[in-house]
Amino acid sequence: MVKTQAFWLRKHCRQFSREFRSFARKLLLSSFISVCLGQSVCVAMAMRHTIDRQHPSYKEGKRKLLESKQDHLIAEAERAVEERKRARSGGGPPCGSTSDGARRGKPRGRRGGRRKASATVTYPPAECSPSSHEDVPLTAPSAQLNPQEAFENFVERLSSLNASGPSAKPQISSASSWTFRQQKSSERWTEARPNHLQCLIEKEAVGHPLCCLCHKPAVIRCRECLPEEWFCGDCDVLHHKKQPLHNRECLIRGFFEPIPPTTRVMKGEDGYYTQDQACILPTVSVSNCVCDGTTFTVLPGKPVILININGRYDLHQPLYVCQTCQQQRTPDMKDFLQSGYWPASLNTSTFYTLDLLSSFQELKVISPGFSRQAFAKLLEHRTKCGGRSGHIKGDTLQRSFLEFSYASFEKDQLCCGAAFTCPACTPEMLAVSVDGNRKLYRFRRNGSSGDHAFFEGLFVAEDSAVSGFVDMIQKAVKKTQGRGTCGDSQWTAARETSRRASKLDEEGMEVAVCRHGFLLKALNMYRGEIFAYPMYLQKELMPAKAQFFAMDVACKYWPYLEKVASVLPALQELTTMKPFLSVMHARAHATKCEIKWSGRNQEGAGTTAGEEVEQVNSYLSRCALTTKYMSKAARLDMLTLHAMLWNYKKGDSLHQALSTRYVKTCQRLLEETAMLAELKTQLHCSDEMVSQWISDVMEWAAGETRDTSGNLQGTTHTGLQRSIEGLYLSVRQRKQNLYRQNDSNKLRHRLRRKLAEDKKLLLQEIQKHNKLDSAENIDAAVVEHSLSGESTVSPIWPWEVHDSANIGTKKRIHDQVMTTKRLQEEKNILVMEMAQHCTWLQNLALVLKNKVAEEGGESGDKGDEGLCSLLRRRNTEVSEGLQVVLQKYKTALGPEASVILNIEEEDQSVHSSPDTSEDEEESIT
């Protein structure tokens, strides 16, 4: 053991010199600490400092070493107990010991004969312990104690160590760690609360500050000039003459009083007083005069209002007077825009800062229901906090904001922007999901202005084109009045006709998205959710080459589409797509309908849910809080802007979504494959039997329900069965659409009352059925559990089983097999979409690089130079984004991601400086 410890010391403590070890031994308090010296003591000795026994590191190290000592003592006690048992039973010596060595009292080490005969207990040396190579006797020699005495000795020693050692910190489990941290944070805040209050009160003390520039008594405090925040009256005028947007506070009345920039503090015979002054709007410097004069005098011009994130400022435009020819000049619109100001009107009397409009745009993305009036009230509050006053018009703010947004959109189009294109779905798209949003309605207004929208036809289709298409469809196909049904269930979206609301103009919006949640196209609904609306969107999105068309009523829409296509050959190409019933909506359809049309049972669909449009509608529905009161043009522009900003946000996180989805798909595939194997083992199914059962389920779903009990009970029994099916599906659909299609609490209250009535009637019908036919008994508890939302599986009614008594078991196998297949398909689909994403970024970077080369920016025109700079910046952003995307995909796919995605590494010449010549680039490469 001594040799083993010496080897450990040579390996881990070779850096300690012999002088250090001799010095360390002098500092040891006892033989125990010499064996188990803590890390804090080692550091102290290495630094040649005196050990601080009150230091937290020393205490923590000592506590850990005591715990290690305690573990060794417990192990030794267990060995003593084992030895006592063997002594009582007359057995041999414990395993790992020699009787001869024990009689001679020699240690069990390999070179135990080197020392005198004494029983010693050695322990593995502690980390950074230079003295741990010595063997220290802990108790009396074991040869002098019997096993019982040795055990009691160890127990007594263990108790004394527990009493003398520092208490260990409580071990917090991972489940309660968050609660523990929150509790500690709350305690610390409670302790600091009085100090915070005291600091807030002390902050209001004026005192007797001095000016930071001239050291005279200060009368002005400017927090935006920190750390030099104190100024006298004269220094304040000189310093803030070019900084009129700073928020200042006055001290002359014994407290901090906000004052506007148009107020200055003067000192008179009777003390300090305030006086008005003219402040000039900061702008870029004007060009030289026509007389080549370069000296100008800046005077206050006509009044102007500037609104930034701190509110409203009443200033003056600068008036430049040439000292040579006395010609006067004022900044024009170009100068104001270069200064970062956006006009509120064309008379240049009010300006908004570009930072304010960008902040409002970001705020609309974060909180779609935030109105312009609320934002104007916020700016007015900021104005009051700065000691200023004035009203801010919300209508003017919205008009200027829309003008700014449209100009930004056009600028983005010059840089090859694609607001309504999904990079992962280009050029081949897997699925398009379409659904209506009844919350995006707009009230009818008689005094609406006739302004045209900025984004007409960009995202929301033109009303004239949609109405013409709807008229064509309704003329070609005979109308079918009434509600659309699936079995006995009624769907408001499954209609061919609908009445127009009297108090509304637009009744909602039909929206189409890809499977990644990118908004593609939309249209205004004027007649409810009729089949002609999704058909128009399907026609418009045919160039995207989508394979599946997802809807919540695909089982009713697709037969209608086939009927229309047979009459109108121009729409025949729409039938080349495959129908896809949204996965969650399929749960509210009949069981046979779900098996036949659900997306989980469609070959090649992967794990596409078809419910991506619901996620987008949840975002757009919040916009309806403000858009329902807007004019027609303003509503269209605002919704289009929200759609663009939503897509930009989706594009920034697309690589994270795809890589995370790929990793989760791989994990879930392993789990579902294991579950399938376990289910097959449980049901004793071979592969041939599984295939046969899947075929049986598909045939059962494709066939019509046969009435085998009609001969016994007549039409009464059949009607009771259909009533139970209809009531069950009606309750599920009403609960699903309770919040999705209704934004009125009064309407929801009526629907809840109707839900309770239908559910009560359903249970009564089930009781009647059970009394009529005890052989086909329905468990009411199972039905209630299915309606509670905890179960997503629709029950299979007894009269649907017929000859296949085990159809429920076969459906379990069918669902598990379909889930496994869809996950296998999803892996390949995600790899394809990752490749398309990278290819799209590469092509965009190449196009931008070519446009930069074409523009050149050497024509001398400021517009060309600005466009060339925008293209360079956009090219840099795309190239750097491509590297981030590739790195993320490599993390998900592994080091062979470039080969799997068929992507070549980007050439570093893309990032070269625009001033670098071709010869220099060749020499660099």
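One can find the structure itself at the top, above this paragraph.
On a predicted model such as this, the values are computed, not experimentally measured, just so you know. (Residues numbered from 1 in each chain as written. Predicted model: local features only at pLDDT ≥ 70, side-chain atom pairs only at ≥ 80, totals over all residues. Heavy atoms only, no water.)

**Q** Please provide a residue-by-residue account of the overall build of the protein chain, values included.
**A** On a plain count of helices and strands, the protein chain comes out with 30 helices and 18 strands. Here the protein chain holds 925 residues, and the buried ones make up 43% of them. (Helix = DSSP H or I, 4+ residues; strand = E, 2+ residues; numbered from the N terminus. Buried < 20%, exposed > 50% of the residue type's maximum accessible area, 1.4 Å probe, protein only.)

**Q** Describe in detail the side chain of Gln602, supporting the description with residues and values.
**A** Position of Gln602 among the secondary structure elements: in the loop between helix H18 (591–597) and helix H19 (612–627). For Gln602, the side chain forms a polar contact with the main-chain oxygen of Ser598, separated by 3.2 Å. Among residues more than four places away in sequence, those in contact with Gln602 are Phe548, Pro579, Phe580, Lys596, Trp597, Arg822 and Glu825. (Polar contact = N/O pair within 3.5 Å; in protein donor to acceptor, adjacent residues only side chain to side chain. Contact = heavy atoms within 4.5 Å.)

**Q** Can you tell me about the sheet that holds strand S16 (residues 519–525), naming the residues and giving the values?
**A** The mixed open sheet is built from 5 strands, whose spatial order is S16-S15-S12-S17-S18. A strand with exactly one partner marks an edge of an open sheet, and here the two such strands are S16 and strand S18 (578–581). Averaged over all adjacent pairs, the angle separating strand axes in this sheet is 20 degrees, with direction ignored. Sitting on the sheet, helix H15 (residues 532–540) is in contact with strand S12 (431–437), strand S15 (508–514), S16 and strand S17 (548–551), with an inclination near 145 degrees to S16. Packing of helix H20 (residues 632–652) onto the sheet brings it into contact with S15 and S16, and relative to S16 it is tilted by some 160 degrees. (Pairing = 2+ DSSP bridges. Axes fitted to C-alpha atoms, helices over the stretch in contact; angles between N-to-C directions.)

**Q** How would you sum up the nonpolar core? Please name residues and give values.
**A** Among the nonpolar cores identified, the biggest contains 74 residues, and Val432, Met535 and Leu901 are the most heavily contacted of them. If we ignore the near neighbours within four places in the chain, the residues touching Met535 are Phe469, Ile473, Tyr557, Tyr560, Leu561, Val564, Leu571 and Leu574. (Core = buried A, V, L, I, M, F, W, Y, C linked by side-chain atoms within 4.5 Å.)

**Q** Pulling in residues and values, what's your account of the pairing of S16?
**A** Of all 7 residues that make up S16, 7 are buried, and the element is covered over most of its length. By the bridge criterion, 6 bridges tie S15 to S16 in an arrangement that is antiparallel. Paired with Val513 across the strands is Leu519, a residue of S16. Here S15 hands over to S16 after 4 residues, with Gly517 in that stretch at a positive phi of 90 degrees.

**Q** Tell me what's going on with the sheet that holds strand S10 (residues 341–343), and back it up with residues and numbers.
**A** The strands that make up a sheet are held in pairs by hydrogen bonds between backbone atoms, and each pair lies either parallel or antiparallel. Across the sheet, 5 strands lie side by side as S9-S8-S7-S11-S10; this open sheet has mixed pairing. Where the open sheet ends on each side, the last strands, each with one partner, are strand S9 (328–329) and S10. Relative to strand S11 (residues 350–353), S10 runs antiparallel, the two sharing 3 bridges. Bridge pairing in S11 links Trp342 to Tyr352. Lying on the sheet, helix H11 (residues 354–366) is in contact with strand S7 (296–308), S10 and S11; it crosses S11 at an angle near 60 degrees. Sheet strands in contact with helix H13 (residues 394–414) are S10 and S11, and its direction is about 115 degrees off that of S10.

**Q** Would you mind going over unusual backbone geometry in detail, with residue names and values included?
**A** Note the cis peptide between Leu226 and Pro227, where omega equals 5 degrees. Within the fold, Pro227 resides in the loop between strand S1 (220–222) and strand S2 (230–231). Cis geometry marks the peptide bond from Thr426 to Pro427; its omega dihedral reads 10 degrees. In this fold, Pro427 is placed in the loop between H13 and S12. In this model, His215 sits at a positive phi of 65 degrees, which is unusual for a non-glycine residue. By secondary structure assignment, the location of His215 is in the loop between helix H8 (177–203) and S1. With a relative accessible area of 58%, His215 lands in the exposed category.

Shape descriptors only; they carry no functional weight alone.
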